Amino acid sequence: MAVEGRRRVPLPLPPPTRRGKQQQQQGGERARRVQAGDALPLPIRHTNLIFSALFAASLAYLMRRWREKIRTSTPLHVVGLAEILAICGLVASLIYLLSFFGIAFVQSVVSNSDDEEEEEDFLIDSRAAGPVAAQATPPPAPAPFSLLGSACAAPKKMPEEDEEIVAEVVAGKIPSYVLETRLGDCRRAAGIRREALRRTTGREIRGLPLDGFDYASILGQCCELPVGYVQLPVGVAGPLVLDGERFYVPMATTEGCLVASTNRGCKAIAESGGATSVVLQDGMTRAPVARFPSARRAAELKGFLENPANFDTLAMVFNRSSRFARLQRVKCAVAGRNLYMRFSCSTGDAMGMNMVSKGVQNVLDYLQDDFPDMDVISISGNFCSDKKSAAVNWIEGRGKSVVCEAVIKEEVVKKVLKTNVQSLVELNVIKNLAGSAVAGALGGFNAHASNIVTAIFIATGQDPAQNVESSQCITMLEAVNDGKDLHISVTMPSIEVGTVGGGTQLASQSACLDLLGVKGANRESPGSNARLLAAVVAGAVLAGELSLISAQAAGHLVQSHMKYNRSSKDMSKVAS
């Protein structure tokens, strides 16, 4: 790979001004500067080898010649043709090596003054052109990554008014959280907050990119106090043949072998005719907790809520919160004089936490008239149970409850998975079932369902914290067709996903949902996109389980991770 010095990208300039055209020409000249790596029309490693050898040979020859002159008392300034050529080779190779390893940095420092002048000219021109022209100017593209420097290595000079705001933020005169509202520019607010953080902590955070992200898209819904964004690689596993359709599954992860392993499982499933899935139930839950003067009063409300004769009234009150919210059931638990009320409702294509919370609040307001002594402690009493491993989700389900299965042919087990049916069945019983039981696992009767769930969640804009309950899974393997073929299934009672709201509306996550064909709400059949996404998650888990268990049965797990997951590169040091 050719290594180049950092090429500075000129700022985007408004075309109407004459000065802007001159700056574009200057930017083009700067982009065409000769780099150290362009010295010879050869691969960079060959160029480096040639000049390094020339430097060593010239230096060795000159040292030997000068030592002979000192012994024979010959003046050092008396040189012959061979010595002249050696001196020229020494100087040329030294210049090249210095240019390659150090002068690029000096060049970037020298060119900073020119860039700062261009920045000031750009600011003046943009102000003169008015706010419309400033808004029409596209944001600058991130500078290309270079092994000799990063786009964040040399902070650009901030306008004077931004410097004043930074100083006030550092001094505590302006709260950092009001910058977006006060400035009306989310990107500018993030940059000022980042600079204030740098001055407060004394740390540069150079590896964290700032430009290239739409900060307005997260305002008020996804992330507060932004100072940059984290880059995550997204791989694709597939095709996953599920219910007669082909899906290419996006997975955002930093774990080596994960996508490749899931992809191998998808191949085994596809060559065996595909997998099938069933969504057993679909209902998000919220469980408020209320305290009463006595346990008897708590039991009275429990009886009222669980009485089928009162369900229609409760459903009518609950369903006012949304045109998609539909109350399904209420299950209560009493602990002393505290009552935990677990409401479950359908939520369309949304994951539904806000929707069910609104419905629950409507019911609590309604109950307050007949139970004035009810003291609502919290809208969530952890009987839901959200973002925590809980038996109630494992048994009752939360979100989408999905079963996915496939029959893997014997020849596919041998050819693709490199093992045999009997070994897989035995390993699953001893590891996933008995081993998890020995560990006292709660919904963890699987090999690594959480790996696949989390990767898909991050790629598609789901709540990563809900991986806790969404990854509850039991993997079952058994020999079928006279012991020749393998039946594999995963049962996941609480996959919590949505295709609208939250992080699903961000550009990258929206693109991943679109890749799966489940982007946004399904107007013809509300909720079907979210249910299909849950089925795809279960199908990908099926593929991941199949591949990992096979790798462990064949003894390939350590080998693959040593080969693909043992990189010694530290890219943070390279970027800085």
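All of these numbers come straight from a predicted model, not from anything done at the bench.

**Things to note about the pattern of salt bridges**
Side chains that differ in charge, positive against negative, can pair when their charged atoms come close.
Part 1 of the argument: As enumerated under the stated definition, the model contains 24 salt bridges in all.
Part 2 of the argument: Among the ionic pairs, arginine 187 bridges to aspartate 211, the shortest N-O distance being 2.6 Å. On the criterion of sequence distance, the pair formed by arginine 187 in helix α7 (residues 186-201) and aspartate 211 in the loop between α7 and β1 (234-242) is long-range, its members being 24 residues apart.
Part 3 of the argument: The class for arginine 187 is partly exposed, based on a relative accessible area of 33%.
Part 4 of the argument: By relative accessible area, aspartate 211 is classed as partly exposed at 25%.

**Side note on the pairing of strand β6 (residues 338-346)**
Part 1 of the argument: With 7 of 9 residues buried, β6 is to be regarded as a mostly interior element.
Part 2 of the argument: As judged from the 3 bridges shared by strand β3 (residues 276-286) and β6, these two strands associate in the antiparallel manner. Residue pairing in the sheet places arginine 286 in a bridge with phenylalanine 343 of β6.
Part 3 of the argument: In this structure, strand β4 (residues 289-291) lies alongside β6, joined through 3 bridges in antiparallel fashion. Looking at the pairing, alanine 290 lines up with leucine 339 of β6.
Part 4 of the argument: As defined by bridge partners, strand β5 (residues 326-335) adjoins β6 across 9 bridges and the pair is classed as antiparallel. Bridge pairing links alanine 333 to tyrosine 340 in β6.
Part 5 of the argument: Where β5 hands over to β6, the hairpin turn is made up of 2 residues, of which glycine 336 adopts a positive phi near 65°.

**Section: helix α11 (residues 353-370)**
Part 1 of the argument: If you check α11, its first and last C-alpha atoms are 27 Å apart, about what 18 residues at 1.5 Å a residue would give, namely 26 Å.
Part 2 of the argument: Within α11, burial applies to Met353, Met355, Val356, Ser357, Gly359, Val360, Val363, Leu364 and Leu367.
Part 3 of the argument: Summarising the contacts, the buried residues of α11 are in contact with β3, α9 (295-306), α10 (311-318), β6 and β7 (375-378).

**A short note on the side chain of glutamate 180**
Part 1 of the argument: Along the chain, glutamate 180 falls in helix α6 (residues 179-183).
Part 2 of the argument: A polar contact of 2.8 Å, which involves the side chain of glutamate 180, links it to the side chain of arginine 193.
Part 3 of the argument: Not counting residues within four places of it along the chain, the set of residues in contact with glutamate 180 comprises Asp185, Cys186, Ala189, Arg193, Leu219 and Pro226.

**What to know about the packing of aromatic side chains**
Part 1 of the argument: Tallying each qualifying case throughout the model produces 6 aromatic pairs.
Part 2 of the argument: For the ring pair phenylalanine 318 and phenylalanine 343, a centre distance of 6.2 Å and an interplane angle of 15° mean the geometry is stacked. In this pair, phenylalanine 318 is assigned in helix α10 and phenylalanine 343 in strand β6, connecting sequence segments 25 residues apart. In this structure, phenylalanine 318 and phenylalanine 343 share a single accessibility class: buried.
Part 3 of the argument: Each member of the aromatic cluster is reached from another via a ring pair, and the members are Phe213, Tyr215 and Tyr229.

**So, a nonpolar patch on the surface**
Part 1 of the argument: A contiguous nonpolar patch, built from Leu59, Met63, Trp66, Ile70 and Leu76 and spanning about 470 Å² of accessible area, is present on the exposed surface.
Part 2 of the argument: In this structure, tryptophan 66 sits in helix α2 (residues 44-71).
Part 3 of the argument: Given the relative accessible area of 31%, tryptophan 66 is considered partly exposed.

**Structural notes on the nonpolar core**
Part 1 of the argument: With 52 residues, the main nonpolar core has Met251, Ile269, Ile408, Leu486 and Val541 as its most contacted residues.
Part 2 of the argument: Top contributing element to this core by residue count: helix α18 (residues 528-554), with 12 residues.
Part 3 of the argument: Counting 29 residues, the second largest nonpolar core, distinct from the first, contains Met284, Leu305, Cys345 and Met353.

**Details of α10**
Part 1 of the argument: Burial in α10 covers these residues: Leu314, Ala315, Val317 and Phe318. Down the axis, α10 shows its buried residues gathered within 165° of arc, on one side only. Exposed side chains of α10 directed beyond 90 degrees from the buried face belong to Asp312 and Met316.
Part 2 of the argument: Of the surrounding elements, those touching the buried residues of α10 are α9, β5, β6 and α11.

**Points about the pairing of strand β2 (residues 245-252)**
Regular strands place side chains that alternate from one sheet face to the opposite one.
Part 1 of the argument: For β1 and β2, the ladder comprises 7 bridges, and the chain directions are antiparallel. Bridging across to β2, leucine 240 finds its partner in phenylalanine 247.

**Re the packing of helix α14 (residues 421-438) against α18**
Part 1 of the argument: α18 packs onto α14 with a crossing angle of 100° between their chain directions and a minimal axis gap of 10 Å. If you check the angle between α14 and α18, you find them roughly perpendicular. Taking contact as the criterion, the partners of Ser423, Leu424, Leu427, Asn428, Lys431 and Asn432 in α14 are, on α18, Glu545, Ile549, Ser550, Gln552 and Ala553.
Part 2 of the argument: Classifying every residue of the contact of α14 with α18 by side-chain character gives 4 nonpolar, 5 polar and 2 charged.

**A look at the confidence of the model for the protein chain**
Low pLDDT marks stretches whose predicted atomic positions should not be read closely.
Part 1 of the argument: Scored by pLDDT, the protein chain has a mean of 84; 79% of the residues are at 70 or more.
Part 2 of the argument: Low confidence marks residues 1-40, where pLDDT is under 50. Its contacts with residues over four positions away, or in another chain, come to 65 contacts.

Thresholds, definitions, all that
- Residues numbered from 1 in each chain as written.
- Predicted model: local features only at pLDDT ≥ 70, side-chain atom pairs only at ≥ 80, totals over all residues.
- Heavy atoms only, no water.
- Salt bridge = Lys/Arg side-chain N within 4 Å of Asp/Glu carboxyl O.
- Helix = DSSP H or I, 4+ residues; strand = E, 2+ residues; numbered from the N terminus.
- Buried < 20%, exposed > 50% of the residue type's maximum accessible area, 1.4 Å probe, protein only.
- Pairing = 2+ DSSP bridges.
- Expected span 1.5 Å × (residues − 1).
- Contact = heavy atoms within 4.5 Å.
- Polar contact = N/O pair within 3.5 Å; in protein donor to acceptor, adjacent residues only side chain to side chain.
- Phe/Tyr/Trp six-rings, centres within 6.5 Å; stacked < 30°, edge-to-face > 60°.
- Patch = residues over 30% accessible without salt bridge, like charges linked within 9 Å, V, L, I, M, F, W, Y side chains within 5 Å.
- Areas by Shrake-Rupley, 256 points an atom, 1.4 Å probe, with all protein chains shown as cover.
- Core = buried A, V, L, I, M, F, W, Y, C linked by side-chain atoms within 4.5 Å.
- Arc of directions from axis to C-beta.
- Axes fitted to C-alpha atoms, helices over the stretch in contact; angles between N-to-C directions.
- Parallel < 35°, antiparallel > 145°, perpendicular 65-115°, else oblique.
- Nonpolar A, V, L, I, M, F, W, Y, C, P; charged D, E, K, R; others polar.
- pLDDT = per-residue confidence, 0-100.

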